[in-house]
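Observations on the model geometry
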Amino acid sequence: MDGDSFFASCEIALNRNLEGRPVWVGGGRRGDGIVIAANRTAKKFGVTTGMACFEAARICPRGVLCRPHYTEYRDISQKMFRVLEQYSPTLVPVSIDEGFLDFSTMDQTVWRNTTSADYVKQICQRIKNEVGIPVSAGLASSSRLAKLATDAAKPGFIEISIGEEKEFLKDRSVRELSGLGKNRQRALAALGAMTFGHVANLPSHLLRKKFGIWGQQLWLFANGRWSEPLLLEVKDRTTISSNTTLPYDEPDYEAALTFTLSEATRLAGQLRREQLQTREISLTIRFNDFSETGGSHRFQHPQFQNSLINTALEGIFRDSMGGQFRPVRQIRIAMWNLARLDTQPTLWGRTYAERWGALDDAAHKLQEQLKKTPLMTGAQLALQHLDGVHKNPKAKCPFVPQREMVKKLWGTDADPLAHKGEWEKRLAKVSKQHQHQH
Ligand SMILES: [Mg+2]
């Protein structure tokens, strides 16, 4: 299941007067940079994602530019997933508006009065009615194929019945496969394989020789013989990180530090909620010209306390920012080399970790009840104060600015996670440089 032009649809759901009109959502620091989502009506006029908003207004003067409302998008996304989770015990969300449902694990009695296709249509209808956003869907024998089907269906629904997989894939380009890197794509092209049909006609041992297991799987997939159970990945976490583009390029380094500490506090809370503690932390600061600085710190023992983590981060911040003058655009904090945090009660009274855990739980409960942040650390309070002074719009979003950044950095609109490895490498390089200097 995948929301159609999700952000634009959300805007329409939030304001019914927009229905039927060309609508796009602007990204960037003021919400009028580039188009980050456009509805179908706008697309008919030629408005596309990534286009400058002024250009969109030029080719579609009657269209409506909406500034992003990320908090509301997240609420709508949550509502959508609340509906989805009622339809299968196996739901794997992959992004704010996209997720997989596995029907194969469900009790056979479900299918007594309905077919899986009708079941999917019912889900789409319910989301349309109750959440107010259109979703597309694809039904197929594997999640990979379901994703291709959804993309092909947009907007709407396609079912690829068992046995029809090969026919569906025959003329489709291998580029449609998500996660297919440029190198593999080139290597496939060198074998004359542009479509899945071409791949299916290649000898499987050749693909296996060239690409290993992946090649074998691709061959099976192209031949409609690939099936895989949808698995929830419950791997142990190896990092906790956040990567935030500030609402505007921040020339005030103290304000950037305040934001860093406030964000670190949030991450430390998440760390403890997942019963973890961290041995290493790093901070990367990117400037408005995309140059960056930063460093890392290794604790002697794993840590979970705000105060210690923040002190270390502040040290890195001050060390790295000396002599810098450019405004700050993006701040990335990562905690890794994680260890279990034992919050089990002991016979000798409440441990420090246990008391912190109780504090986190209480804060979390209050937050749920009051729907805002009743408890703040000093850094968070200072940040709120600064925000009031600067009167900046809250434009913090974990999804889009990062994508925009990725697009600027890598020249593609690909999933930021696809570049995670390279991110980590850069991070390592930056921290090595930093260690070298000292
Ligand atoms: Mg979508």
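In this report, the structure presented in the accompanying data block is examined. None of the values given here were measured: they were computed from a predicted structure.

**Considerations on the coordination of the magnesium ion**
- Of the protein atoms, only Asp2 (OD), Gly3 (O) and Asp97 (OD) coordinate the magnesium ion, at distances of 2.2 to 2.4 Å.
- For the magnesium ion, the single-chain donor residues occur in sequence as D-G-x93-D. With Gly3 in strand β1 (residues 2-3) and Asp97 in the loop between β5 (90-95) and β6 (98-102), the pair connects residues that are 94 residues apart, well separated along the chain.
- Judged by its relative accessible area of 4%, Gly3 falls in the buried class.
- Judged by its relative accessible area of 11%, Asp97 falls in the buried class.

**Side note on the sheet that holds strand β11 (residues 292-303)**
- Pairing is antiparallel across the open sheet formed by 4 strands, whose spatial order is β9-β12-β10-β11. Here the strands that pair on one side only, and so sit at the sheet edges, are β9 (239-250) and β11. This sheet shows a mean twist of 10° between the axes of neighbouring strands, independent of strand direction.
- Pairing of β9 with strand β12 (residues 328-340) involves 8 bridges; the strand directions are antiparallel. Considered in β12, the bridge of Ser241 is made with Ala334.
- In this fold helix α12 (residues 253-273) packs onto β9, β10 (276-287), β11 and β12, with an angle of close to 30° to the strand it touches most, β12.
- Where helix α13 (residues 306-321) meets the sheet, its contacts fall on β10, β11 and β12, and the angle it forms with β11 comes to roughly 150°.

**Points about the environment of Gln78**
- Tracing the backbone through its elements, the reader meets Gln78 in helix α4 (residues 70-84).
- Residue classification places Gln78 among the partly exposed positions, given a relative accessible area of 44%.
- Through-space distance from the C-alpha of Gln78 to that of Val131 is 9.7 Å; in sequence the pair is 53 residues apart.

**Some details on the packing of aromatic side chains**
- Counted by the stated rule, this structure contains 10 aromatic pairs.
- Ring centres of Phe7 and Tyr73 lie 4.5 Å apart, and the angle between their planes is 20°; this geometry places the pair in the stacked category. Of this pair, Phe7 sits in helix α1 (residues 6-14) while Tyr73 is found in helix α4, placing the two residues 66 residues apart along the sequence. Here Phe7 and Tyr73 have matching classes, each one buried.
- Centre to centre, the rings of Phe196 and Phe221 are 5.6 Å apart; their planes meet at 70°, and the pair counts as edge-to-face. In this pair, Phe196 is assigned in helix α9 (residues 196-201) and Phe221 in helix α11 (residues 213-222), connecting sequence segments 25 residues apart.
- Judged by relative accessible area, Phe196 falls into the buried class, the value being 0%.
- The structure contains a cluster of three or more aromatic residues connected by ring pairs, namely Phe6, Phe7, Tyr70 and Tyr73.
- Here the guanidinium or amino end of Arg184 rests over the ring plane of Trp214, the centre of that ring lying 4.1 Å away.

**Some remarks on the packing of α1 against α4**
- At a closest axis distance of 10 Å, the pairing of α1 and α4 adopts a crossing angle of 95°. Put simply, α1 runs roughly perpendicular to α4. Listed contacts from α4 to Phe6, Phe7, Cys10, Glu11, Ala13 and Leu14 of α1 are Tyr70, Glu72, Tyr73, Ile76 and Ser77.
- Partitioned by chemical class, the residues of the contact of α1 with α4 number 8 nonpolar, 1 polar and 2 charged.

**Quick notes on the pairing of strand β2 (residues 23-26)**
- Residues Val23 and Val25 of β2 are buried on one face, and the alternating residues Trp24 and Gly26, pointing to the opposite face, are buried as well.
- Bridge count between β2 and strand β4 (residues 64-66): 3 bridges; the pairing is parallel. Directly across from Val23, in β4, lies its bridge partner Val64.
- By the bridge criterion, 3 bridges tie β2 to strand β3 (residues 35-38) in an arrangement that is antiparallel. Considered in β3, the bridge of Trp24 is made with Ala38.

Calculation notes
- Residues numbered from 1 in each chain as written.
- Predicted model: local features only at pLDDT ≥ 70, side-chain atom pairs only at ≥ 80, totals over all residues.
- Heavy atoms only, no water.
- Donors = N, O, S within 2.8 Å, 3.2 Å for Na, K, Ca; no water.
- Helix = DSSP H or I, 4+ residues; strand = E, 2+ residues; numbered from the N terminus.
- Buried < 20%, exposed > 50% of the residue type's maximum accessible area, 1.4 Å probe, protein only.
- Pairing = 2+ DSSP bridges.
- Axes fitted to C-alpha atoms, helices over the stretch in contact; angles between N-to-C directions.
- Contact = heavy atoms within 4.5 Å.
- Phe/Tyr/Trp six-rings, centres within 6.5 Å; stacked < 30°, edge-to-face > 60°.
- Lys NZ or Arg CZ within 6 Å of the ring centre and 35° of its normal.
- Parallel < 35°, antiparallel > 145°, perpendicular 65-115°, else oblique.
- Nonpolar A, V, L, I, M, F, W, Y, C, P; charged D, E, K, R; others polar.

The values reported here are purely geometric and, on their own, carry no functional implication.
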